[in-house]
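Per-entry structural report
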Amino acid sequence: MKKILLLSDTHSYIDDQILKFVQQADEVWHAGDIGNLRVTDTIKEYKPLRAVYGNIDDAEARAEFPLDDAFEVEGVSVWMTHIGGYPGKYKTRVYGELQKNRPKIFICGHSHILKVQFDKHFNLLHINPGAAGKHGFHKVRTMIRFELRAGEIENMEVIELAKN
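This section reports on the structure supplied with the text. (Residues numbered from 1 in each chain as written. Predicted model: local features only at pLDDT ≥ 70, side-chain atom pairs only at ≥ 80, totals over all residues. Heavy atoms only, no water.)

With that out of the way, let us pick up the sheet that holds strand S8 (residues 105-107). Taken in spatial order, the 5 strands make up an open sheet running S4-S5-S8-S10-S9, and their pairing is mixed. Because the sheet does not close on itself, it has two edges, and the strands there are strand S4 (68-73) and strand S9 (114-119). Between one strand axis and the next, the sheet turns through 15° on average, direction left out of account. One ladder, built from 3 bridges, connects strand S5 (residues 76-81) with S8; its direction is parallel. Bridged to Trp79 within S8 is Phe106. (Pairing = 2+ DSSP bridges. Helix = DSSP H or I, 4+ residues; strand = E, 2+ residues; numbered from the N terminus. Axes fitted to C-alpha atoms, helices over the stretch in contact; angles between N-to-C directions.)

Written out as structure tokens, the structure reads:
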């Protein structure tokens, strides 16, 4: 069993609220728009990190992290990218990839809008954790945590952080 903390759109911001939940996870996944790599470097001091770069990320972030990351944890296949769209409205590149390779979980960020939705067409769980940083229009900073166990996704919950 692995406890996963999923966040996105930190835009160079990390604080003790985020780190409290980082410490409770087995792995942390960041779905892009990291901003300053101090964010990911800090997370890596505590837990293993998987991340993709987003549209605001510079050459340094793009050299360290991929555009897409496809992997498997506890028998659950995952594909993570920053700009992906939503079920029925996927970006063209993403739609083409989902037709070829269907993960059990598809993760993206970018919109700053938290959304967890089952996609019947591709038989996958679409997750956007919203935005954990302060930059953007969102009123509440959000992340998602869940557990992966023997091919199953369990105990998913939304974490709301104070905007400060």
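The structure having been displayed, the exposition proceeds.
Within the secondary structure layout, Asp119 lies in strand S9. Here the side chain of Asp119 touches His121 through a polar contact of 2.9 Å, landing on its backbone nitrogen. For Asp119, the contacting residues outside a window of four places in its chain are Pro87, Tyr90 and Leu124. (Polar contact = N/O pair within 3.5 Å; in protein donor to acceptor, adjacent residues only side chain to side chain. Contact = heavy atoms within 4.5 Å.)

As enumerated under the stated definition, the model contains 6 aromatic pairs in all. Centroid distance Trp29 to Phe146: 5.8 Å. Interplanar angle 75°. Geometry classified as edge-to-face. Taken together, the positions of Trp29 in strand S2 (residues 27-30) and Phe146 in strand S11 (residues 141-149) put the pair 117 residues apart, joining distant regions of the chain. Accessibility expressed as a relative area gives 0% for Trp29, which makes it buried. You can call Phe146 buried: its relative accessible area is 2%. Between Tyr95 and Phe122 the ring centres are 5.3 Å apart and the planes differ by 65°, which places this aromatic pair in the edge-to-face class. Taken as a pair, Tyr95 in helix H4 (residues 92-100) and Phe122 in the loop between S9 and strand S10 (124-129) lie far apart in primary sequence, 27 residues in all. Accessibility expressed as a relative area gives 33% for Tyr95, which makes it partly exposed. Members of the aromatic cluster, joined through ring pairs, are Trp79, Tyr90, Tyr95, Phe106 and Phe122. Stacked on the ring of Phe71, the Lys or Arg Arg50 has its end atom at 4.2 Å from the ring centre. The aromatic ring of Tyr86 is capped on one face by Lys115, whose charged end is 4.1 Å from the ring centroid. (Phe/Tyr/Trp six-rings, centres within 6.5 Å; stacked < 30°, edge-to-face > 60°. Buried < 20%, exposed > 50% of the residue type's maximum accessible area, 1.4 Å probe, protein only. Lys NZ or Arg CZ within 6 Å of the ring centre and 35° of its normal.)

Here we come to the pairing of S5. Judged by how many residues are buried, S5 sits mostly within the fold: 5 of 6 residues are covered. With antiparallel pairing between neighbouring strands as the criterion, S4 and S5 make up a hairpin whose turn holds 2 residues, including Glu74 at a positive phi of roughly 50°.

The next point concerns the packing of helix H1 (residues 16-24) against helix H2 (residues 38-46). For the pair H1 and H2, the least separation of the axes is 9 Å and the interaxial angle reads 40°. As for the relative orientation of H1 and H2, their crossing is right-handed in sense. When H1 is examined against H2, the residues Leu19, Val22 and Gln23 are found in contact with a partner set consisting of Thr42, Ile43 and Tyr46. Split by residue class, the contact of H1 with H2 holds 4 nonpolar, 2 polar and no charged. (Left-handed = near helix turned anticlockwise from the far one by under 90°. Nonpolar A, V, L, I, M, F, W, Y, C, P; charged D, E, K, R; others polar.)

A contiguous nonpolar surface patch, about 270 Å² in accessible area, is contributed by Leu114, Val116, Met156 and Val158. Put simply, the parts of the chain that give the nonpolar patch at least two residues each are S9 and strand S12 (152-161). For Val116, the location among the structural elements is in strand S9. Accessibility expressed as a relative area gives 39% for Val116, which makes it partly exposed. (Patch = residues over 30% accessible without salt bridge, like charges linked within 9 Å, V, L, I, M, F, W, Y side chains within 5 Å. Areas by Shrake-Rupley, 256 points an atom, 1.4 Å probe, with all protein chains shown as cover. Salt bridge = Lys/Arg side-chain N within 4 Å of Asp/Glu carboxyl O.)

A separate point is the nonpolar core. Across soluble globular proteins, nonpolar side chains show a tendency to be buried alongside one another. By size, the foremost hydrophobic cluster in this structure holds 21 residues, and its most contacted members are Leu5, Ile18, Val22, Val28, Ile43 and Met143. Mapped by element, the contributors of at least two residues to this core are strand S1 (2-7), H1, H2, strand S3 (49-51) and S12. For Met143, the contacting residues outside a window of four places in its chain are Leu5, Leu6, Leu7, Ile18, Phe21, Leu114, Pro129, Ala132, Glu157, Val158, Ile159 and Leu161. Counting 17 residues, the second-largest nonpolar core is a separate cluster that includes Ile4, Ala31, Ile107 and Leu148. (Core = buried A, V, L, I, M, F, W, Y, C linked by side-chain atoms within 4.5 Å.)

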